[in-house]
Amino acid sequence: AALLPLVAPLLSGHSDVAIGSRLRKDSRVVRGPKREFISRSYNLILRTTLQARFSDAQCGFKAMRTEAARVLLPHVHDTAWFFDTELLVLAERSGMRIAEVPVDGVDDPDSSVDIVRTATDDLRGVWRIGRALVRGDLPLHDLRAAVGREPVSVPGVPQRLVRQAVRFGTVGVASTLVYLLLFLALRGSTGAQ
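Residues numbered from 1 in each chain as written. Predicted model: local features only at pLDDT ≥ 70, side-chain atom pairs only at ≥ 80, totals over all residues. Heavy atoms only, no water.

(A) Structural detail: helix H4 (residues 83–93). Among the 11 residues that make up H4, nine are buried, leaving the element largely enclosed by the rest of the structure. Residues of H4 that are buried: Asp84, Thr85, Glu86, Leu87, Leu88, Val89, Leu90, Ala91 and Glu92. A positive phi of about 90° marks glycine 95, the residue just after H4. (Buried < 20%, exposed > 50% of the residue type's maximum accessible area, 1.4 Å probe, protein only. Helix = DSSP H or I, 4+ residues; strand = E, 2+ residues; numbered from the N terminus.)

Next comes the structure, spelled out in structure tokens:
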């Protein structure tokens, strides 16, 4: 019953990838508080560190167009639990459209996962992908070209220079905010100096 709503955005051409999301408000999922907390925490980490816009990276209910699979799968390195996340980050960063559908389901309380090992592996994956994004090591330009979604570029300015300027600006804004917070926190006890 859930298959048709998942593949409908793919068949209509509206999306390249479709995922089920247990964290949408219109999903009806029964699971324990520990799993709920872990899932929400992990997806919060993805949103804050990788600027992911999808809501549930590791719900196993996914589908993608053949063209999207051919473009993405050769670039996904992880073969364990982080596979889903890496696939979705690459899809999103390459400009593919990701549709999310609500999930109805009940988690099996007898299923088990080594939480510490899985969390450690996932955090290593987040670090690897984040570092590759910052360094420009991911073939996003090639992926965008393959799906026909070239980024807007500034004529005559290399993309690497644009990325460096964005990083420089981000560090500048962040450090200014930190200094402002320190000033506001300490000005009453230490004076303006």
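That was the structure; now back to the text.
(B) How the structure looks around the pattern of salt bridges. Across all of its chains, the model carries 10 salt bridges by this definition. A salt bridge links arginine 124 to aspartate 121; the shortest N-O distance between them is 3.3 Å. Of this pair, arginine 124 and aspartate 121 both sit in helix H5 (residues 115–135), three residues apart, which is roughly one turn of the helix. For arginine 124, a relative accessible area of 55% translates into the label exposed. For aspartate 121, a relative accessible area of 30% gives the class partly exposed. (Salt bridge = Lys/Arg side-chain N within 4 Å of Asp/Glu carboxyl O.)

(C) Inspection of the sheet that holds strand E1 (residues 17–21) at higher detail. Across the sheet, which stays open at both edges, the three strands sit in the order E3-E1-E4 with mixed pairing between neighbours. With one partner strand each, in any of the chains shown, strand E3 (62–64) and strand E4 (98–102) form the two edges of the open sheet. On average, each strand axis in the sheet is tilted by 20° relative to the strand beside it, whichever way the strands run. Pairing geometry for E1 and E4, over five bridges, is parallel. Across the sheet, the residue bridging to valine 17 is isoleucine 98, located in E4. (Pairing = 2+ DSSP bridges. Axes fitted to C-alpha atoms, helices over the stretch in contact; angles between N-to-C directions.)

(D) View of the environment of alanine 132. Within the secondary structure, alanine 132 sits in helix H5. Given a relative accessible area of 12%, alanine 132 falls into the buried group. Setting aside its immediate chain neighbours within four residues, alanine 132 contacts Asp137 and Leu138. (Contact = heavy atoms within 4.5 Å.)

(E) Summary view of the nonpolar core. The biggest cluster of nonpolar side chains holds 26 residues, and the ones touching the most others in it are Leu46 and Phe54. The set of elements that each furnish at least two residues to this core consists of E1, helix H2 (33–49), helix H3 (66–72), H4, H5 and helix H6 (140–147). For this core, the leading source of residues is H4, giving five residues. Setting aside residues up to four positions removed in sequence, leucine 46 forms contacts with Gln51, Ala52, Phe54, Ala57, Thr85 and Val126. Counting six residues, the second-largest nonpolar core is a separate cluster that includes Ala18, Ala63, Ala99 and Val101. (Core = buried A, V, L, I, M, F, W, Y, C linked by side-chain atoms within 4.5 Å.)

Structural measurements only, silent on function.
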